[in-house]
Amino acid sequence: MADLSQSPLAIYQAHLDKGELAYQWSPSAGKAVFYPRLLCPHTGSTHLEWRRSAGLGTVYATTVTHPPQGDPYNVALVDCDEGFRLMSRVEGIAPEAVRIGMRVRFRVHRPGGEAPAYPVFVPLEAAP
Amino acid sequence: MSGLRRAGAAIVGAAESDLGHVAEGLNSIDLMAQGIARALEDCGLALGDVDGLLCATTQSRTSGLSLCEYLGISPAFIDSTILGGSSFMFHVAHALAAIELGLCQVAVIAYGSTQRSVGRRQASVREINPFETPFRPFLPSTAYALAASRHMHEFGTTREQLAAVAVAARQWALLNPAAWEKKPLSIAEVLAARMVSYPFTVRDICLVTDGGGAIVLTAPERAKSLKKPPIYVLGCGQAITHANISSMPDLTRTGALASGQAAYRMAGLGPRDIDVVELYDAFTINTILFLEDLGFCPKGEGGRFVEGGRIAPNGELPVNTNGGGLSYCHPGMYGLFLLIEAVRQVRGEAGARQVPGAATAIAHGNGGVLSSQSTIILGNAATV
């Protein structure tokens, strides 16, 4: 087999750069796979397909982390409707107002400079 | 664990190194060596008897090499498996297997950390995870806080119930002269302490101390001729569910469910047969999760179970009798200290905190962010 030309991380990041949240689908397992990788953790198959998420999800767990300096911020785990979970944060509301079960929508966050884009979420009701 | 024989080996020596804030210039290998010297003294064996060595620390990339060089030994069996704070429970299972197979006769398990002296950031390498690091989780606290949020949501667990775990640990610590914390603690004080990651204040979170120690294992026949009564390894179990919290399948159900079942099966015992319970309490939610997953109360009832001093001294169930990682010591990886305390309780040498007539103990180790779980069940001669 030919060597890979692009890592799973690079493909994921390229989608984010276009404003898309990508995940993998394992046909052998019939399940979503996240984070992106080279082998399905359900079946061991190396056949994984890339899919684009609709960007809708539900907050699974949430906390407000208080750094030694600076403002407290939200850290959440979000279950996307396609069946994968990721760490993120919910923006646009106070960090302590984020609730488990809250419906949220993806948007890309571009921190600027050399830092890669990453996915954040906003409450569905407040989304543009 | 299938394949391992109940009481196939016994713990014959157990000791801590210096704890708390150790003398300047001591390193993690110094503390391992000090623990080994004390544990060998505890059982009456000499360094020359040791032909099996197991160790782990975050402060030495190849701690097995460093420790062999320091001790001047070339052991027949060596293992430096590192899976977080539960590593030492995994080591017990590996030592049991090695002794049974004749790979070694006398196995020592050692740990050392100078995390307090050198600072948390110096003590372990910070790993970058492109799927978590951008969100600035303060690890491990943020990860355990996410698990606590889920437990509160599903079962109505309260911050007061979490605080009750810290208060019970403190009450036990006040009975332990080696404990770091020396003053009483109230639920109100836990709740009013500095918030770290909701729902945890700094009092819901383990200490940052230096410390180390060692335990010595050998076959039952040899164990009987040594200084102290042998404490038999009755059961071992292990489970790994994930590495990062975003990959944990269910934040309220840990691998302790599987590791506990395996250990109980091997021991031929159940939760009702356990006299002393030592659980890896890096955070207050841990004690609640492990009480549930190891069968001491039903799933979801852990918060209510710990209320009213049930796990405190003179309560129904003695839990974390040394004061735990919350109030006794927590030098980075805590698993070995659970085993040391379990041995002392089953020997009946735990002083003011002794659980009367303790014949069995469970020592449950946790590693990573609820990632690796390993359960050891110990018993005295009456249980064999």
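Residues numbered from 1 in each chain as written. Chains lettered and ligands numbered in written order. Predicted model: local features only at pLDDT ≥ 70, side-chain atom pairs only at ≥ 80, totals over all residues.

Residue and element names in this part refer to chain B. The sheet built from nine strands is open, its strands ordered β3-β2-β4-β7-β1-β8-β11-β10-β9 with mixed pairing. The sheet is open, and its two edges are formed by β3 (77-79) and β9 (276-279), each paired on a single side. Across this sheet, the average inter-strand angle for adjacent strands is 20 degrees, counted without regard to direction. Bridge count for strand β1 (residues 10-16) against strand β8 (residues 231-240) is two bridges, and the pairing is antiparallel. Looking across to β8, one finds that Ala-10 is bridged to Tyr-232. Contacts from helix α3 (residues 87-101) reach β2 (52-56), β3, β4 (106-113), β7 (211-218), β8, β10 (360-367) and β11 (372-379) within the one sheet, and its direction differs from that of β4 by about 165 degrees. (Pairing = 2+ DSSP bridges. Helix = DSSP H or I, 4+ residues; strand = E, 2+ residues; numbered from the N terminus. Axes fitted to C-alpha atoms, helices over the stretch in contact; angles between N-to-C directions. Contact = placed C-beta atoms within 7 Å.)

Residues and elements named next belong to chain B. Across the interface, helix α1 (residues 28-43) lies against helix α2 (residues 63-71) with an axial gap of 10 Å and an inter-helix angle of 60 degrees. The angle between the axes of α1 and α2 places the two elements in the oblique class. Like other packed secondary-structure pairs, α1 and α2 cross with a definite hand, here right-handed. Judged by residue contacts, Ile-29, Met-32 and Ala-33 of α1 engage Ser-66, Leu-67, Tyr-70 and Leu-71 from α2. The residue inventory of the contact of α1 with α2, partitioned by class, reads six nonpolar, one polar and no charged. (Parallel < 35°, antiparallel > 145°, perpendicular 65-115°, else oblique. Left-handed = near helix turned anticlockwise from the far one by under 90°. Nonpolar A, V, L, I, M, F, W, Y, C, P; charged D, E, K, R; others polar.)

This brings us to the interface of chain B and chain A. Each side of the interface is counted separately: chain B has 20 residues, and chain A has 19 residues. The set of elements that each furnish at least two residues to the side of chain B that touches chain A consists of α6 (141-155) and β5 (195-197) of chain B. In terms of residue count, α6(B) provides more of the side of chain B that touches chain A than any other element does, six residues in total. Split into classes, the residues belonging to the side of chain B that touches chain A amount to twelve nonpolar, five polar and three charged.

Purely geometric stuff here, so don't read any function into it on its own.
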